[in-house]
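Chain by chain, the residues:
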Amino acid sequence: MNSYFEEVQALLTIVGEQEKQSIKESVKHISKAVMSDGIIHLFGSGHSHILTEEVFYRAGGLAAIRPIFVEDLMLFKGASRSSQLERQNDLSEKFMHDEDIRPGDVCIVISSSGVNPVPIDVATIAKEKGAFVIGLTSPEYAKSCSSRHKQKHYLHDVVDLVINNHIAKGDTLLKSNNIPFGSGSTVVGAVLLNMVFTQVIQTIIESGETPPVFLSSNIEGADEHNQKIIAKYKTRIPQL
């Protein structure tokens, strides 16, 4: 009855133990960026896009977060269509050219398989623009598949730092009658991103600065607090 919970719990234990150093490195670079008025960009297509929204404009969350939204790569514009588009080489150049990514920023690119051209090229272009690029991906998954990138790159090849979500090929945690089911990438990815960003907030507090953190709009004084933060970041994060 609780097999999915148990598998998720086991995977989170592995991630918590084995990704300490990558999380620590991520926290260092993101904290530096935020304290220097930089922005943290996140990109994912298909279901990975869900994670960019998980941490954006979130009560108790870091405000300096800017999701890169490309509607054609989201599920509501056509689920199977988004999968096909993610496989197109050079598509990223069409929307990344005008993205306001600057030196000193951090960009987190999310793709468990790490084999499709769009997230690979997003990471490459973000790096060319001067950002420190983190890949939330599974090298184990990638190595079990052929890259669809024209240069045969995988996401973990082109980023500055990898956070390994330890997702196995197929992104399933359970199997019965030879049928694999029960995805884990969104659950694990959400935990990893929140682990990183909460540690960033704590790091900024310990440095003696006040971190830009949104309050729940349902508590007293939150609107005024949040509007001050939005005013600071609105130019660089127009989605606010």
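About the cut-offs
- Residues numbered from 1 in each chain as written.
- Predicted model: local features only at pLDDT ≥ 70, side-chain atom pairs only at ≥ 80, totals over all residues.
- Heavy atoms only, no water.
- Helix = DSSP H or I, 4+ residues; strand = E, 2+ residues; numbered from the N terminus.
- Buried < 20%, exposed > 50% of the residue type's maximum accessible area, 1.4 Å probe, protein only.
- Contact = heavy atoms within 4.5 Å.
- Areas by Shrake-Rupley, 256 points an atom, 1.4 Å probe, with all protein chains shown as cover.
- Lys, Arg positive; Asp, Glu negative; His and termini not counted.
- Charge placed at Lys NZ, Arg CZ, Asp CG, Glu CD.
- UniProt positions renumbered as here; feature names shortened; annotations may be inferred.
- Pairing = 2+ DSSP bridges.
- Axes fitted to C-alpha atoms, helices over the stretch in contact; angles between N-to-C directions.
- Right-handed = clockwise from strand over helix to strand, strands pointing away.
- Arc of directions from axis to C-beta.
- 1 Å grid on protein atoms, 1.4 Å probe; cavity = no way out; pocket = protein on both sides within 12 Å on 5 of 7 lines; lining within 4 Å.
- Points joined across faces, edges and corners; volume = space filled by probe spheres on them.
- Phe/Tyr/Trp six-rings, centres within 6.5 Å; stacked < 30°, edge-to-face > 60°.

In this section: the overall build of the protein chain. Of regular secondary structure, the protein chain possesses 10 helices and seven strands. Seen through its C-alpha atoms, the protein chain measures out along the principal axes to roughly 55 × 45 × 35 Å. Here the protein chain, with 240 residues, has 49% of them falling under the buried criterion. Counting contacts in the protein chain only where the partners sit at least 6 residues apart, residues at least 24 apart contribute 78% of the total. With the model as given, the accessible surface of the protein chain reaches about 12000 Å², and the carbon-plus-sulfur share is 50%. Each charge class in the protein chain was averaged separately, 23 positive and 28 negative side chains, and the resulting centres sit 5 Å apart.

Here the focus is the UniProt feature "domain: SIS" (unreviewed entry) in the protein chain. Here, UniProt's "domain: SIS" (unreviewed entry) annotation points to residues 30-206. Helix and strand shares over residues 30-206 are 40% and 16% respectively, and the end C-alpha atoms of the span are 15 Å apart.

Right, let's talk about the sheet that holds strand 3 (residues 106-110) for a bit. Adjacent strands of a sheet form backbone hydrogen bonds with each other and so pair up, either parallel or antiparallel. Pairing is parallel across the open sheet formed by five strands, whose spatial order is 2-1-3-4-5. Sheet topology places strand 2 (65-67) and strand 5 (161-164) at the edges, where each strand pairs with a single neighbour. Strand-to-strand twist across the sheet, computed as the mean angle between neighbouring axes with direction ignored, equals 20°. Of the strand pairs in this sheet, strand 1 (residues 40-44) and strand 3 are connected by five bridges, and their pairing is parallel. Following the sheet pairing, I40 is matched in strand 3 by V106.

With five of its six residues buried, strand 4 (residues 132-137) lies for the most part within the structure. Note: strand 3 against strand 4, five bridges, orientation parallel. Following the sheet pairing, V106 is matched in strand 4 by F132. A crossover connection joins strand 3 to the parallel strand 4 through helix 6 (residues 117-128); in handedness this β-α-β unit is right-handed. Two strands pair when backbone bridges link them, and strand 4 and strand 5 are joined in this way by four bridges, in the parallel orientation. Bridge pairing in strand 5 places L136 opposite I163.

Okay, helix 4 (residues 79-86) next. Among all positions in helix 4, only S82, L85 and E86 are buried. Projected onto a plane normal to the axis of helix 4, the buried residues spread over an arc of 100° and lie on a single side.

A few words now on the layout of surface pockets. Of the volumes computed, that of the largest pocket is approximately 560 Å³. At the level of elements, helix 3 (48-54), helix 4 and helix 9 (185-206) are the ones that each hand at least two residues to the lining of the largest pocket. Per-element tally for the lining of the largest pocket: the top contributor is helix 4, with four residues.

So, about the packing of aromatic side chains. Taken as a whole and judged by the stated rule, the model has four aromatic pairs. Plain terms: the ring middles of F56 and Y57 are 6.5 Å apart, the flat faces sit at 50° to each other, and that makes the pair tilted. Using a relative accessible area of 44% as the deciding quantity, one classes Y57 as partly exposed. Ring geometry for F56 versus F69: centroids 6.3 Å apart, planes at 85°, classification edge-to-face. Residue F56 is found in the loop between helix 3 and strand 2, and its partner F69 is found in the loop between strand 2 and helix 4; the two are separated by 13 residues along the sequence. Exposure remark for F56: the relative accessible area of 14% places this residue in the buried category. Among the aromatic residues, those joined into a ring-pair cluster are F56, Y57, F69 and F214.

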